[in-house]
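Read off the chains here:
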Amino acid sequence: MHRAAFGEDPVLAHMLDAGGEYQYRVRGEEHMWTPDAIAKLQHSTRANNYQTYKEYAQIINGPVAATT
């Protein structure tokens, strides 16, 4: 990765390859990191949108159980 970042490859001259090892699978295991959750997190941080962040937090944290 270091060589790619600081090498002579003209394709990577202005940015690195996104890389990543994660891919959503329709019939795969269920996880918190769904495409909707990631999209809401990215939108909330890029747009500084607290309402979208609360929607993201609801997905990640799940419904809050009432305590008595």
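Structural data are supplied above this passage.
Residues numbered from 1 in each chain as written. Predicted model: local features only at pLDDT ≥ 70, side-chain atom pairs only at ≥ 80, totals over all residues. Heavy atoms only, no water.

### Quick notes on the pattern of salt bridges
Here comes step 1: Counted under the stated rule, the structure contains 1 salt bridge.
Here comes step 2: A salt bridge links Glu 55 to Lys 40; its shortest N-O distance comes to 2.9 Å. Taken together, the positions of Glu 55 in helix H3 (residues 50-61) and Lys 40 in helix H2 (residues 35-47) put the pair 15 residues apart, joining distant regions of the chain.
Here comes step 3: The partly exposed category is assigned to Glu 55, whose relative accessible area is 32%. (Salt bridge = Lys/Arg side-chain N within 4 Å of Asp/Glu carboxyl O. Helix = DSSP H or I, 4+ residues; strand = E, 2+ residues; numbered from the N terminus. Buried < 20%, exposed > 50% of the residue type's maximum accessible area, 1.4 Å probe, protein only.)

### Looking at the layout of surface pockets
Here comes step 1: Space inside the largest pocket adds up to approximately 420 Å³.
Here comes step 2: Along its surface, the largest pocket is lined by 13 residues, and Gln 23, Tyr 24, Arg 25, His 31 and Trp 33 are the ones closest to its centre.
Here comes step 3: Taken together, the residues of the lining of the largest pocket break down into 6 nonpolar, 4 polar and 3 charged. (1 Å grid on protein atoms, 1.4 Å probe; cavity = no way out; pocket = protein on both sides within 12 Å on 5 of 7 lines; lining within 4 Å. Points joined across faces, edges and corners; volume = space filled by probe spheres on them. Nonpolar A, V, L, I, M, F, W, Y, C, P; charged D, E, K, R; others polar.)

### Here we look at the packing of aromatic side chains
Here comes step 1: Taken as a whole and assessed by the stated rule, the structure comprises 3 aromatic pairs.
Here comes step 2: Centre to centre, the rings of Tyr 50 and Tyr 53 are 6.4 Å apart; their planes meet at 20°, and the pair counts as stacked. One end of the pair is Tyr 50 and the other is Tyr 53, both in helix H3 and 3 residues apart, which spans about a single turn.
Here comes step 3: Residue classification places Tyr 50 among the exposed positions, given a relative accessible area of 59%.
Here comes step 4: On the basis of an interplanar angle of 50° and a centroid distance of 5.7 Å, the ring pair of Tyr 53 and Tyr 56 is categorised as tilted. Pair noted here: Tyr 53 and Tyr 56 are both in helix H3, with a separation of 3 residues, about one helical turn.
Here comes step 5: The class of Tyr 56 is buried, set by a relative accessible area of 10%. (Phe/Tyr/Trp six-rings, centres within 6.5 Å; stacked < 30°, edge-to-face > 60°.)

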